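The residues making up each chain are set out below.
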Amino acid sequence: MKPPESRILVIDDNPAIHEDFDKILAPAAPSGADALGEAEALLFGSAASGAFPAPAPVGSGFVLSHALQGEEGFHLARQAVEAGSPYAVAFIDMRMPPGWDGLQTAERILSVDPAIQIVICTAYSDYSWDEIRARLGRPDGLLILKKPFDVVEVLQIAHNLTRKWEMAREITHHVQALDRRVEERTAALKASREHFATLFRSAPLAQMIVDSRGPERLEVNEALCRLTGCGPEIWSHAPAALRAIEASGLGEVLRWHHPIEGVETTLQDRAGMERQVLISSVIIDRSGTPSLLLMIHDVTERKKLESDIRQMQKLDAVGQLAAGVAHDFNNLLTVIAGNAQLARQARESGLEFEEQLIEEIIESSARAANLTRQLLAFTRRQVFQPRPISLNQLLENQISLLARLLGEHIEIVWQPVAAGDWVHADVASIEQVVLNLAINARDAMLGGGRLTLATSTGRIDDPAEANRLRVDPGAFVCLTCSDTGAGMEPEVAERVFEPFFTTKEIGKGTGLGLASAFGIVQRHRGAITLDTAPGRGANFRVLLPSVPVPDIADRESGLALSGASAGAPGLDILVVEDEPAVRRIALRLLQSLGHRAIEAIDGHSGLAKWRERRREIDLVITDLVMPGGMSGLQLAETIQSERPELPIILASGYSSELIEGSAAPMGPLRRFIPKPYDQAVLAETISSLPIHEKVDLERIVTLPG
């Protein structure tokens, strides 16, 4: 493709000069030997005649425009610029009477076309170079051509200056293109930042951006303001923001200095309410500055829903247990009632009854009490309270309950580890995990089978393996739950821990049993895995971090505090109980311990007895749940408000949760005793209270109802 011809403007008041420029820069096409001869004359200087040497060869690539005066040349230059086809070079004569001279013309042309290359043509020294440069102000685009000039010199100037102009124009176009791209990218970046800012501000997930340069660069979105109860005016003020961070509990998270994923913790809002949250963070780059993007998912309502669902699952399981529990309880009642009747007949006949009758009554009563206690523990709601527990002991206590739940068609095999089975865990939560795994195994063995529960110990020291399981390296206790059911297909096994995923018929399962087990184990910083295949059952492994065996406190010294057991005078104890039979046995047990008992039939009666004989009463034992409008807890509160130093014992056939969830928690002067209780438990409970000599302290012991 032929390159475009460069445009040259010639301004001179002498028409002959214009003809000479045409011959040099834009000659007519010669033919044959004439062209060769002209080229030879041009190159070697031969055959020259007149004011100029021979004209330039064909194909010089220039298009010339002519003007006889400076003002005319200025108009041509301006029109060319406006038409988008500017001149590359302007050859301007210095003297052009009567109009503008060369410098005036050049100044005007440069005002409309700063990129044009200027060549001042002169035979005189009207201005010095310094004066010309001072007037035009651009030495890089200015040349002086002395008349008369040489053809080669004119050609060289024309070619070099037009090439320079073209290169400058290309560079300008390239720079302009770069500028446009920069502007486009800047606009795109600005739009992206505005889009990110909009998403950040309006995101339903609470988010915070922490700049490495300090808290004054802190950014929060509207969701975080709602979660923490702190408005933008607090977060925008650095000192207030720092106080809000520490008060909410985010300070500890921010001090980790590394990305995290799904860390469960508790935050506190401005009103002091605690929120359960999952926190994740990533490192982002903001204008070359590394920043931490914190994402906070409020799962308080989800946790409450999960707790409600787990409670529903427990209640559903209780319904399945009812038949088995009724069977066992009726067996125990048969033993108790039968032996009691035999003992009464022996007494009426004046015969001595066998001691074995009494022992069997006591033993059956203890088994019945343990059965009801298991049911209460199974159905109660509890807060998460981890403590050192023996996993073996927990499972052994649960196996009898599981046996009733699974049915006689499923054999339970228990294989405990010999030692090292202690973990730091919440008892109710781990019981829930075992229950859910057992129910899952039962549903996989509808025709019967074997459930194997086993514990073992081990270590995970490989960082890669620990990272895969998302646990910290160290020692673990492993609970294995294996069944002989049908097993699972791989696509099913991959989803068993997903919430609401179930393969059961509609109405047969919630799809939350294994999901809640997974969440509980993760909360204990453990892991749960599944190994299964069609036809070979399912093998669940629960890994929990192990802890050293805790010291067992010596409780024997507490027994010496009981006045009766230590040989001291007995105590005067007010017994408040609405059930006559229970009240009578309480009085007898206290009397057998050497104490004196004052009885009351309800809360109002007990308060009246207390106010009537407060000087002689050492302890008050009251049922927790009583009719008449005053509970045992209200009675204890009233009495302790009148005598704060008196200890309180609260007892009940219901769960201790009734006390734990109240506004009056247990303390050093309060105890809880579950019904049924025997002589030893009653003595130990009394002895655990700070009871001294009668002259120093009046006491209240509240008897559980």
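Within any chain, residue numbers begin from 1 and follow the written order of that chain's sequence. Thresholds applied to this predicted model are a pLDDT of at least 70 for local features of residues and 80 or more for the giving and counting of side-chain atom pairs; totals over whole chains, interfaces and linings are not thresholded and use all residues. Remark: hydrogens and water are excluded; side-chain values derive from all non-hydrogen atoms of the structure.

1. Re the overall build of the protein
Starting at the N terminus, helices and strands are each numbered in turn, a helix being any DSSP run of H or I of at least four residues and a strand any DSSP run of E of at least two. On a plain count of helices and strands, the protein comes out with 22 helices and 22 strands. Burial classes follow relative accessibility: with a 1.4 Å probe on protein chains only, a residue under 20% of its type's maximum area counts as buried, one over 50% as exposed, and anything between as partly exposed. The burial tally for the protein puts 41% of its 705 residues in the buried class. The criterion used for residue contact is that any of the two residues' heavy atoms lie within 4.5 Å. Pairs at least 24 residues apart make up 67% of the contacts formed inside the protein by residues separated by at least 6 positions. Per element, the accessible surface of the protein, about 37,700 Å² overall, is 55% carbon and sulfur. Residue burial considers only the protein chains on display, and all accessible areas are found by Shrake-Rupley using a 1.4 Å probe.

2. A short note on the sheet that holds strand β3 (residues 89-93)
We call two strands paired when DSSP finds no fewer than two bridges between them. Read from one edge to the other, the open sheet built from five strands follows the order β2-β1-β3-β4-β5, with strand pairing classed as parallel. Whereas interior strands pair on both sides, the edge strands pair on one side only; in this sheet they are β2 (62-67) and β5 (142-146). Going from strand to strand, the sheet's axes swing by 20° on average, the running direction of each strand aside. Lines fitted to C-alpha atoms define the axes here, with helix axes fitted over just the stretch in contact, and angles between the N-to-C directions of these axes take values from 0 to 180 degrees. Packing of helix α3 (residues 70-82) onto the sheet brings it into contact with β1 (6-11) and β2, and relative to β1 it is tilted by some 160°.

3. Thoughts on the pairing of strand β21 (residues 648-652)
With respect to burial, β21 is a largely interior element, five of its five residues being buried. Alternating positions in β21 separate into two faces, Ile648, Leu650 and Ser652 on one and Ile649 and Ala651 on the other, with burial throughout. Note that strand β20 (residues 619-623) and β21 share three bridges and pair parallel. Counterpart to Asp623 in the pairing with β21 is Ala651. Regarding the hand of the β-α-β motif, the stretch spanning β20, helix α20 (residues 632-642) and β21 is right-handed. Where β21 lies against strand β22 (residues 670-674), five bridges are found, and the strand directions are parallel. When the bridges of β22 are listed, Leu650 appears paired with Phe672. Look down the strands so they point away from you; if the path from the first strand over the helix to the second goes clockwise, the crossover is right-handed.

4. Observations concerning empty space enclosed by the protein
Definitions used throughout: a 1 Å grid over protein atoms alone; a cavity as a set of points that fits a 1.4 Å probe which cannot get out; a pocket as an open set with protein on both sides within 12 Å along at least five of seven lines; a lining residue as one with an atom within 4 Å of a point. Grid points are joined across faces, edges and corners, and a volume is the space filled by probe spheres set on the points. Summed over all chains, the structure comprises two cavities of 30 Å³ or more. For the second largest cavity, the calculated volume is near 40 Å³. Taken together, Leu391, Ile430, Val433, Leu479, Val521, Val542 and Leu544 form the lining of the second largest cavity. Those elements that provide at least two residues to the lining of the second largest cavity are α14 (427-444) and β17 (538-545).

5. Quick word on helix α19 (residues 603-613)
Along α19, the positions that sit buried rather than exposed are Gly603, Gly606, Leu607 and Trp610. Projected onto a plane normal to the axis of α19, the buried residues spread over an arc of 100° and lie on a single side. Looking at the buried positions of α19, the neighbouring elements they touch are β18 (572-576), β19 (596-600) and α20. Taken from the helix axis, the directions to the C-beta atoms give the arc we talk about.

6. Some remarks on the sheet that holds strand β9 (residues 274-286)
The sheet built from five strands is open, its strands ordered β7-β6-β10-β9-β8 with antiparallel pairing. In this open sheet, the two strands that pair with only one neighbour each are β7 (219-220) and β8 (263-268). In the packing of helix α6 (residues 151-202) onto the sheet, contacts are made with β6 (206-211), β7 and β10 (289-298), and the angle to β6 comes to roughly 130°.

7. Brief notes about the pattern of salt bridges
Throughout this description, the term salt bridge denotes a Lys or Arg side-chain nitrogen within 4 Å of a carboxyl oxygen of Asp or Glu. Tallied over the full model, the rule gives 20 salt bridges. Where Glu577 meets Lys675, a salt bridge forms, and the shortest distance between an N and an O atom there is 2.8 Å. Of this pair, Glu577 sits in the loop between β18 and α18 (580-592) while Lys675 is found in the loop between β22 and α22 (679-687), placing the two residues 98 residues apart along the sequence. Summarising the burial analysis for this pair, Glu577 and Lys675 share the class buried.

8. Overview of the packing of aromatic side chains
Any aromatic ring pair is given by two values, namely how distant the centres are and how the planes are angled relative to each other. A pair of Phe, Tyr and Trp rings is counted when the ring centres sit within 6.5 Å of each other, with Trp represented by its six-membered ring. The angle between the planes then sorts it: under 30 degrees is stacked, over 60 is edge-to-face, the rest tilted. Using the criterion set out here, one finds five aromatic pairs in the structure. Ring centres of Phe21 and Phe91 lie 5.0 Å apart, and the angle between their planes is 45°; this geometry places the pair in the tilted category. Highlighted residues: Phe21 in helix α1 (residues 15-25) and Phe91 in strand β3, separated in sequence by 70 residues. According to the relative accessible area criterion, Phe21 is buried, its value standing at 2%. Phe91 gets classed as buried once you look at its relative accessible area, which sits at 1%.

9. As for the side chain of Thr685
Following the sequence through the fold, Thr685 ends up in helix α22. Residues contacting Thr685, with those up to four places away along its chain left out, are Ile649, Arg671 and Ile673.

10. A look at the confidence of the model for the protein
Atom-level detail of predicted coordinates should not be read off regions where pLDDT is low. The predictor attaches a confidence to each residue, and that confidence, scored 0 to 100, is pLDDT. Across the protein, the average pLDDT comes to 79, with 79% of residues at 70 or higher. Below pLDDT 50 for its whole length, residues 42-59 participates in 34 contacts with residues either more than four positions away or in separate chains. Contacts of residues 553-568 to residues separated by more than four positions or lying in other chains number 17 contacts, the stretch itself having pLDDT below 50.

11. Remarks on the nonpolar core
Core analysis: the largest hydrophobic core is formed by 36 residues, its most contacted members being Val433, Leu437, Leu451, Phe540 and Val542. Every element with two or more residues in this core is listed here: α13 (391-406), β13 (422-425), α14, β14 (449-460), β15 (474-483), α17 (513-523) and β17. Here the element with the most residues in this core is α14; it accounts for nine residues. Excluding its chain neighbours within four sequence positions, the residues that come into contact with Phe540 are Leu437, Asn440, Leu479, Thr480, Cys481, Met488, Phe497, Leu514, Ile528, Thr529 and Leu530. By convention a nonpolar core is built from buried Ala, Val, Leu, Ile, Met, Phe, Trp, Tyr and Cys residues, the set being connected through side-chain atoms within 4.5 Å. Ala223, Cys225, Ile234 and Ile279 belong to the second-largest nonpolar core, a separate cluster that totals 23 residues.

12. Some thoughts on the packing of α18 against α22
Put simply, α18 and α22 touch, their axes get as near as 10 Å, and they point 70° apart. Relative to α22, the element α18 lies roughly perpendicular. Judged by the twist between their axes, the crossing of α18 over α22 is right-handed. Residues Leu589, Leu590 and Ser592 of α18 form the contact with α22, whose own contacting residues are Gln679, Leu682 and Ile686. Should an angle fall under 35 degrees it is called roughly parallel, over 145 degrees roughly antiparallel, and 65 to 115 degrees roughly perpendicular, with every other angle called oblique. Crossings are classed by handedness, with left-handed meaning an anticlockwise turn of the near helix from the far one by less than a right angle and right-handed meaning a clockwise turn.

13. Points about the pairing of strand β4 (residues 117-122)
On a regular strand, one side chain projects to one face of the sheet and the next to the other, so that they alternate. Within β4, six of the six residues are buried, leaving the element largely enclosed by the surrounding structure. Bridging between β3 and β4 involves five bridges; their strand directions are parallel. Bridge pairing in β4 places Ile92 opposite Ile120. Where the polypeptide runs from β3 across helix α4 (residues 102-112) and back to β4, its parallel neighbour, the crossover connection is right-handed. Note: β4 against β5, five bridges, orientation parallel. Across the sheet, Ile118 pairs through a bridge with Leu142, a residue of β5.

14. Section: α14
In a helix, the anticipated span is given by 1.5 Å times the number of residues less one. The end-to-end C-alpha distance of α14 is 26 Å, a good match for the 26 Å that 18 residues give at a rise of 1.5 Å each. The buried fraction of α14 is high, at 16 of 18 residues.

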